[in-house]
Number of protein chains: 2
Amino acid sequence: MESRRVTLKDIAKSLGVSVNTVSRALTGKDSVGEDTRARIKAEAERLGYVPNSMARSLVLGSAMTLGLVITNPSNPFYARLISTIEQRGRVHGYSLMLLVTEESPDGDRAAAETLLRWGVDGALVVPVQGDGEHWDRLNESGVPLVCLNRDFPALDLDFIGVDYEHGAYEATRHLVDGGARTLCLLEEDLPISPVADRTTGFRRALTEAGIEAGTDPVRSVPTRRRESLALPWEPEDAYRLAQDIVRGGDLPDAIMVGNDYFALGVYRALTEAGLRVPEDVLVGGFGDHPFAAYLNPPLTTVRLPAADIGTTAVDLLLQRMKGRDDHDATEKRRLPTELVVRDSSRTGKSTMT
Amino acid sequence: MESRRVTLKDIAKSLGVSVNTVSRALTGKDSVGEDTRARIKAEAERLGYVPNSMARSLVLGSAMTLGLVITNPSNPFYARLISTIEQRGRVHGYSLMLLVTEESPDGDRAAAETLLRWGVDGALVVPVQGDGEHWDRLNESGVPLVCLNRDFPALDLDFIGVDYEHGAYEATRHLVDGGARTLCLLEEDLPISPVADRTTGFRRALTEAGIEAGTDPVRSVPTRRRESLALPWEPEDAYRLAQDIVRGGDLPDAIMVGNDYFALGVYRALTEAGLRVPEDVLVGGFGDHPFAAYLNPPLTTVRLPAADIGTTAVDLLLQRMKGRDDHDATEKRRLPTELVVRDSSRTGKSTMT
DNA sequence: TTGAAAGCGCTAACAC
DNA sequence: GTGTTAGCGCTTTCAA
């Protein structure tokens, strides 16, 4: 142990051949005698040779590495993304460099810088919203880049996300069809495109149904940022807001939330007030997290195409990496969601009798 | 865009100085005139110079990278680990290379190989259980390595994990104190040390309480592996097993589970059979996942020191990386858990009246 | 203080 | 087929 790493030179010296012959023999080039190749392979094996990826990358000009920038791995949706992307990249021979930004703009900028320094061949990023200039620059400077889940409408960057707008529309409509006339939506308090999209879809469904609320039915959940923003979403803040709503007196027929964790808080607030789901209030979630089907009552929610997004994004990225000259128009795709109806929205009454 | 990356040589040429003066000026070495340094810095800025980490690492012999090998990022406990480790490493200037193994022995071996090729300065790994030989070899060949969460008792490797044994003991004892006389434990069907440790703790508590079960009270949840093992744990398999138990007739007073997701399945099976928690059956979980406190009833569970494990492991790793010669004995630490008592185990009756 | 030369480990171009 | 030379971008000797 602790012995210096074996290099091509060591093998070459030990066998009395040139370094370069060893290189060709080991990388499978055909300009090598069968016997020589065999001897070299054997010796490499004997010495325990392991190729040095760094050196290789340096001379080849390709890091054989993808960068993945995530705001919060504890978000189950992003966790799925991480798995999928790592796997898909690995299949194509790429290693993954992971950077966590925790919704920090500085972290976001630093991440772009780090990726540039390492010269990753491409990057997949869930950007911290706000100023995306640095991502645009990274892209311009030759590192292909695909944004995940959060779009910068103003920037000409590839984007693979979720069709939150339609998902929210569909779910809201479902609640309306179930008889709800007064609805509200509890949303994350981040200035990101998914929130904007869900809000739009929600409002559109209301408008179509001819429902006009006096006060704004979209409520932002005031999230208390703790030690670290990377904490799993907490149902607690939504719980508090839901309590306010319940106590406020103007109890809505249905409550829609931006993510399933919020639904947990809503459930509790309602239960504590002696209200029942779905008899008194319908509830619709977003994300179809693993616990959703096992709540009491099981939660109606919008399932996100997590795996699809991961593979689609990697494939698009690989394509961009290949054809770095042909400037295809940037692609902005929103993959479809799936409404999963469960008991939290099932009711006897319906406007569609 | 698409222009070749700016190098030290470019700056040197542009300014008529030597490459290495530029290097020293930019890396802050003091053997450079103040004026020269200023000019160089300005020119670097103007040209948009970005250091090439690969080249730097190659010559420095240090990748400035840590490897993290995880079986399944969708496990919330591991997700926390990822966040913590990435952050802690970054603070010390290290980038993170992430590898996902999905409980595949081949993937596990491949991961070790990849880390070796990249020459990471150290590795943190949640090993796929079974044969850990390759991790031992990686360690022997000069890459410091700390195992996370899962120990190889037979191998002389550093290990930072959870004191599952005591955690399970404490939780079980709590259930016994609550009046339970017949208990069972639903466990993951993986041959990993956490399962073994929890089982040991559970059994010890029973023995101490003088409880002897006829049939083995430890039940392995037959997990159906789907498309990918990286799926979030599914409550479904535990649900099925719990159904069997309920229908079997020998209903236990209390059910303990190896992770909170299993508790979701248990809750449902009990509810569907018209049984109430905690009145008819006490339930204890493991993990204190974000939803645990919001179930109905709130779940008594064992909280894991996720963040602690991450930081402790990184710190130990950094220490190993520093003192690569002084062969301190390997460290195997199990950090303490915390029993979080909630309503799922609260009952009037108690043996401790 | 600065420059020239050497080398990290590897691959590519060109000779032979 | 095989060896020689050159170079990826950077840092570290060692002279000047």
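Residues numbered from 1 in each chain as written. Chains lettered and ligands numbered in written order. Predicted model: local features only at pLDDT ≥ 70, side-chain atom pairs only at ≥ 80, totals over all residues. Heavy atoms only, no water.

A.B. asks: Where do I start with the overall build of chain A in this structure?
C.D. replies: Of regular secondary structure, chain A possesses 12 helices and 12 strands. Its C-alpha atoms give chain A a radius of gyration of 26 Å, more than 25% over the compact-globule value 20 Å for 353 residues. Overall, chain A is about 90 × 40 × 40 Å in size when its C-alpha atoms are taken along their principal axes. Burial status across chain A gives 56% buried among its 353 residues. Nonlocal contacts in chain A, meaning residues at least 24 apart in sequence, comprise 69% of its contacts between residues at least 6 apart. Accessible area of chain A: about 14900 Å², with a carbon and sulfur share of 49%. Charge separation in chain A, taken as the distance between the mean sites of 41 positive and 52 negative side-chain charges, equals 6 Å. (Helix = DSSP H or I, 4+ residues; strand = E, 2+ residues; numbered from the N terminus. Rg over C-alpha atoms; globule rule 2.2 N^0.38 Å. Buried < 20%, exposed > 50% of the residue type's maximum accessible area, 1.4 Å probe, protein only. Contact = heavy atoms within 4.5 Å. Areas by Shrake-Rupley, 256 points an atom, 1.4 Å probe, with all protein chains shown as cover. Lys, Arg positive; Asp, Glu negative; His and termini not counted. Charge placed at Lys NZ, Arg CZ, Asp CG, Glu CD.)

A.B. asks: Could you clarify how one ought to interpret the protein's contact with DNA strand D in this entry?
C.D. replies: DNA strand D sits among 27 residues. The nearest are Asn20, Thr21 and Thr36 of chain A together with Tyr49 and Arg56 of chain B. Taking all atoms of DNA strand D within 4 Å of the protein, the share assigned to sugar and phosphate is 66%. At 2.7 Å from a phosphate oxygen of DNA strand D is found a main-chain nitrogen or oxygen belonging to Leu8 of chain B. When contributions to the surface near DNA strand D are tallied by element, the ones reaching two or more residues are helix 2 (19–27) and helix 4 (53–60) of chain A together with helix 1 (8–15), helix 2 (19–27) and helix 4 (53–60) of chain B. In terms of residue class, the surface near DNA strand D is built from 11 nonpolar, 12 polar and four charged. (Near = heavy atom within 4 Å. Polar contact = N/O pair within 3.5 Å; in protein donor to acceptor, adjacent residues only side chain to side chain. Nonpolar A, V, L, I, M, F, W, Y, C, P; charged D, E, K, R; others polar.)

A.B. asks: Looking at this structure, how should I read the sheet that holds strand 12 (residues 338–340) of chain A?
C.D. replies: Residue and element names in this part refer to chain A. A sheet is described by the order of its strands in space; here six strands give the open sequence 7-6-8-9-10-12, paired in mixed fashion. Where the open sheet ends on each side, the last strands, each with one partner, are strand 7 (218–221) and strand 12. Strand after strand, the sheet turns through a mean of 20° between neighbouring axes, direction not considered. As judged from the four bridges shared by strand 9 (residues 282–287) and strand 10 (residues 300–303), these two strands associate in the parallel manner. (Pairing = 2+ DSSP bridges. Axes fitted to C-alpha atoms, helices over the stretch in contact; angles between N-to-C directions.)

A.B. asks: Teacher, can you tell me more about the interface of chain A and chain B here?
C.D. replies: Where interface size is quoted, it is often the accessible area lost as the parts come together. Of the residues lining the interface, 58 residues belong to chain A; the matching set on chain B comes to 57 residues. Both sides together, the interface formed by chain A and chain B hides about 5200 Å², and carbon and sulfur atoms give 61% of it. Counting the contacts that link chain A with chain B gives zero salt bridges. The tally of links between chain A and chain B comes to 18 residue pairs in polar contact (both at pLDDT 80 or more). The set of elements that each furnish at least two residues to the side of chain A that touches chain B consists of helix 4, helix 5 (76–91), strand 2 (95–100), helix 6 (105–118), helix 10 (235–248) and helix 11 (260–272) of chain A. Ranked by the residues each element gives to the side of chain A that touches chain B, the list is headed by helix 5 of chain A, at seven residues. Looking at the side of chain A that touches chain B residue by residue, the classes come out as 32 nonpolar, 15 polar and 11 charged. (Buried area = accessible area lost by both parts, 1.4 Å probe. Salt bridge = Lys/Arg side-chain N within 4 Å of Asp/Glu carboxyl O.)

A.B. asks: For this particular structure, what's the right way to read the UniProt feature "domain: HTH lacI-type" (unreviewed entry) in chain A?
C.D. replies: In the UniProt entry, the feature "domain: HTH lacI-type" (unreviewed entry) is given for residues 6–60 of chain A. Split by type, residues 6–60 of chain A is 71% helix and 0% strand. Its first and last C-alpha atoms lie 20 Å apart. (UniProt positions renumbered as here; feature names shortened; annotations may be inferred.)

A.B. asks: Sorry, what's going on with the sheet that holds strand 10 (residues 300–303) of chain B here?
C.D. replies: Two modes of strand pairing occur in sheets, parallel and antiparallel, and in both the strands are linked by backbone hydrogen bonds. All names here are of chain B. Strand order across the open sheet formed by six strands is 7-6-8-9-10-12, with mixed pairing between neighbours. Of all the strands in the sheet, just strand 7 (218–221) and strand 12 (338–340) have a single pairing partner and so form its edges. Averaged over all pairs of adjacent strands, the angle between strand axes in this sheet comes to 20°, irrespective of strand direction. Strands in contact with helix 10 (residues 235–248) are strand 6 (183–188) and strand 7; relative to strand 7, the strand with the most contacts, it is inclined by about 140°. Along the sheet, helix 11 (residues 260–272) makes contact with strand 6, strand 7, strand 8 (254–257), strand 9 (282–287) and strand 10, crossing strand 9 at roughly 160°.

A.B. asks: Sorry if this is basic, but what is going on with the relation of the copies chain A and chain B here?
C.D. replies: For the pair of chain copies, the relating transformation is a rotation about an axis with a translation along it. When chain A is fitted to chain B, the residual RMSD is 0.1 Å, and the transformation amounts to a turn of 180° plus an axial shift of 0.0 Å. Both copies are brought into coincidence by an operation consistent with a two-fold rotation axis. Distance from the rotation axis, computed per C-alpha, reaches its smallest value in chain A at Met97 of chain A: 2.3 Å. Both copies present the same face, since 98% of the interface residues in chain A are matched by interface residues at the equivalent positions in chain B. (Least-squares fit on C-alpha atoms with pLDDT ≥ 70 in both.)

A.B. asks: Help me understand the protein's contact with DNA strand C, please; the structure alone is not making it clear to me.
C.D. replies: Neighbouring DNA strand C are 26 residues, the closest being Asn20 and Tyr49 of chain A together with Asn20, Thr21 and Gly33 of chain B. Considering the 4 Å shell around the protein, atoms of DNA strand C inside it are sugar or phosphate in 64% of instances. Take Gly33 of chain B: an N or O atom from its main chain is 2.5 Å from a phosphate oxygen of DNA strand C. A distance of 2.7 Å is found between a phosphate oxygen of DNA strand C and a side-chain nitrogen or oxygen belonging to Thr36 of chain B. Of all the elements in the fold, those that place two or more residues in the surface near DNA strand C are helix 1 (8–15), helix 2 and helix 4 of chain A together with helix 2 and helix 4 of chain B. Here the residues of the surface near DNA strand C are counted per class, giving 11 nonpolar, 11 polar and four charged.

A.B. asks: Could you clarify how one ought to interpret the domain arrangement of chain A in this entry?
C.D. replies: Residue and element names in this part refer to chain A. Each assigned domain of chain A is listed with its residue range as follows: domain 1 (8–51), domain 2 (60–162 + 306–336) and domain 3 (164–304 + 339–345). Look at where the C-alpha atoms of domain 2 and domain 3 centre, and you get two points 30 Å apart. When domain 2 packs against domain 3, the two sides together hide about 1400 Å² of surface, and 56% of this comes from carbon and sulfur. Its largest share of buried area at the contact with domain 3, domain 2 owes to Pro76, Glu102 and Val162, together 31% of the area lost on that side. Put simply, domain 2 and domain 3 have one salt bridge between them. (Domains from an automatic or database assignment.)

A.B. asks: How should the pairing of strand 7 of chain A be read in this particular structure?
C.D. replies: Here is the key point about a regular strand: its side chains alternate between the two faces of the sheet. Residues and elements named next belong to chain A. Pairing of strand 6 (residues 183–188) with strand 7, which is carried by four bridges, proceeds in the parallel orientation. Each residue of the ladder has a partner; that of Glu188, found in strand 7, is Val221. Each parallel crossover has a hand, and the one from strand 6 via helix 9 (residues 193–208) to strand 7 is right-handed. (Right-handed = clockwise from strand over helix to strand, strands pointing away.)

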